[in-house]
Amino acid sequence: MEFIIHFQREAKGKLFMRIALFGTVGAGKSTVSEEISKRLGYEIFPEPIDNNPYFDDYYKDMKANVFKMQIYMLTARSKQLLDAKVLQNVIFDRTILEDPIFVAVNHHLKTMNDIDYKTYTDFYEHVVIPNLGHRSEFDLVIYLKVSTDKAIERIKERGRVQELDTPREYWEILNQKYDDFFERRKHMFNFLVVDAEGDNLEAKMDGIMEKIYQMEPTLKK
């Protein structure tokens, strides 16, 4: 599938920014998005997990619940983009662009069958993305890149019960699929790759804010 992205939308000389966080579970997306919001005052659209009726069951039995889980997430993220269309500046904790990555992992692990995979992919490519139009554009996509070991360490520290018993293989394949997506799509997005292996938030934020200020110097105080 192809995405046409316009990196800048301006009004009265000022850049309106839609920032997306990108990276595997445990990469630190929520921490970074909260820090960007704190510094710039942008609204965060968080991962739609809290009200997800399939989240618990998904991690208990992926094969039985994966299709329902992914359709719910796709719907929730589509609603977020619609809600965000009236906002000038926004941060997406995770975006609708990443949903097919999770689907690909489940298909790889055979927890999603070929029919469900094709149905989802066809719907995503031919219905969801075309109807989102300009709302699926992001001015900056921040790829928080971590090793699988570091991601698992953070997952354990976070202690979300549903994730703790997930096999390592799942996290390894998920991380690899993120890399695969990046390599295939890096020419389509304004990516900023950040080494998120360390726990020094300030070090990560230095590079992120430098990039944002380059794009919109008026934000720098």
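Before any of the text, the structure's been laid out above.
Thresholds applied
- Residues numbered from 1 in each chain as written.
- Predicted model: local features only at pLDDT ≥ 70, side-chain atom pairs only at ≥ 80, totals over all residues.
- Heavy atoms only, no water.
- Axes fitted to C-alpha atoms, helices over the stretch in contact; angles between N-to-C directions.
- Helix = DSSP H or I, 4+ residues; strand = E, 2+ residues; numbered from the N terminus.
- Parallel < 35°, antiparallel > 145°, perpendicular 65-115°, else oblique.
- Left-handed = near helix turned anticlockwise from the far one by under 90°.
- Contact = heavy atoms within 4.5 Å.
- Nonpolar A, V, L, I, M, F, W, Y, C, P; charged D, E, K, R; others polar.
- Pairing = 2+ DSSP bridges.
- Buried < 20%, exposed > 50% of the residue type's maximum accessible area, 1.4 Å probe, protein only.
- Phe/Tyr/Trp six-rings, centres within 6.5 Å; stacked < 30°, edge-to-face > 60°.
- Salt bridge = Lys/Arg side-chain N within 4 Å of Asp/Glu carboxyl O.
- Expected span 1.5 Å × (residues − 1).
- Bend = angle between axes of the 7 residues up to and from the residue.

## Some thoughts on the packing of helix α6 (residues 148–158) against helix α8 (residues 168–185)
Turning to step 1, where the next piece is worked out: With their axes 10 Å apart at the nearest point, α6 and α8 run at an angle of 125 degrees to one another. It follows from the interaxial angle that α6 and α8 lie oblique. The interaxial crossing formed by α6 with α8 has right-handed handedness. Contact residues: Thr 148, Asp 149, Ile 152 and Ile 155 in α6; Arg 168, Trp 171, Glu 172 and Asn 175 in α8.
Turning to step 2, where the next piece is worked out: Of the residues in the contact of α6 with α8, the class split is three nonpolar, two polar and three charged.

## Quick notes on the sheet that holds strand β5 (residues 90–92)
Turning to step 1, where the next piece is worked out: Pairing is parallel across the open sheet formed by five strands, whose spatial order is β4-β5-β3-β6-β7. Two strands in the sheet have a free side with no partner beyond their single neighbour: β4 (43–45) and β7 (191–195). The average angle at which neighbouring strand axes cross in this sheet is 20 degrees, direction not considered.
Turning to step 2, where the next piece is worked out: Here three bridges tie strand β3 (residues 18–22) to β5, and the two strands are oriented parallel to one another. Within β5, the residue paired with Arg 18 across the bridge is Val 90.
Turning to step 3, where the next piece is worked out: This element, helix α9 (residues 201–215), spans β3, β6 (140–145) and β7 of the sheet and lies at about 165 degrees to β7.

## Notes on the environment of Leu 192
Turning to step 1, where the next piece is worked out: Residue position: Leu 192 is located in strand β7.
Turning to step 2, where the next piece is worked out: Classification of Leu 192 by relative accessible area gives buried; the value is 17%.
Turning to step 3, where the next piece is worked out: Sequence separation between Leu 192 and Phe 22 is 170 residues; the distance between their C-alpha atoms is 9.7 Å.
Turning to step 4, where the next piece is worked out: Here Leu 192 is in contact with Leu 140, Val 141, Ile 142, Tyr 143, Gly 207, Ile 208 and Lys 211, once residues within four sequence places are set aside.

## So, the packing of aromatic side chains
Turning to step 1, where the next piece is worked out: Evaluation of the coordinates by the stated rule reveals 16 aromatic pairs.
Turning to step 2, where the next piece is worked out: Considering the side-chain rings of Tyr 58 and Tyr 59, the 5.0 Å spacing of their centres and the 80 degrees angle between planes classify their relative orientation as edge-to-face. Taken as a pair, Tyr 58 and Tyr 59 share a single burial class, namely buried.
Turning to step 3, where the next piece is worked out: When the ring of Tyr 170 is compared with that of Trp 171, the centres are 5.0 Å apart and the planes differ by 85 degrees; the resulting orientation is edge-to-face.
Turning to step 4, where the next piece is worked out: Residue Trp 171 is classed as buried on the basis of its relative accessible area, which comes to 4%.
Turning to step 5, where the next piece is worked out: Members of the aromatic cluster, joined through ring pairs, are Phe 22, Phe 102, Tyr 143, Tyr 178, Phe 181, Phe 182, Phe 189 and Phe 191.

## Considering the pattern of salt bridges
Turning to step 1, where the next piece is worked out: Applying the stated criterion to the full structure yields twelve salt bridges.
Turning to step 2, where the next piece is worked out: A salt bridge links Asp 99 to Arg 77; the shortest N-O distance between them is 2.8 Å. Here Arg 77 lies in helix α3 (residues 62–84) and Asp 99 lies in helix α4 (residues 99–108), a separation of 22 residues in the sequence.
Turning to step 3, where the next piece is worked out: Through salt bridges that share partners, Lys 150, Glu 153, Arg 154 and Asp 199 make up one connected network.

## Description of α3
Turning to step 1, where the next piece is worked out: Taking 1.5 Å per residue, 23 residues should reach 33 Å; α3 reaches 30 Å between its end C-alpha atoms and fits that length.
Turning to step 2, where the next piece is worked out: Lys 68 marks the point of greatest bend in α3, at about 25 degrees.

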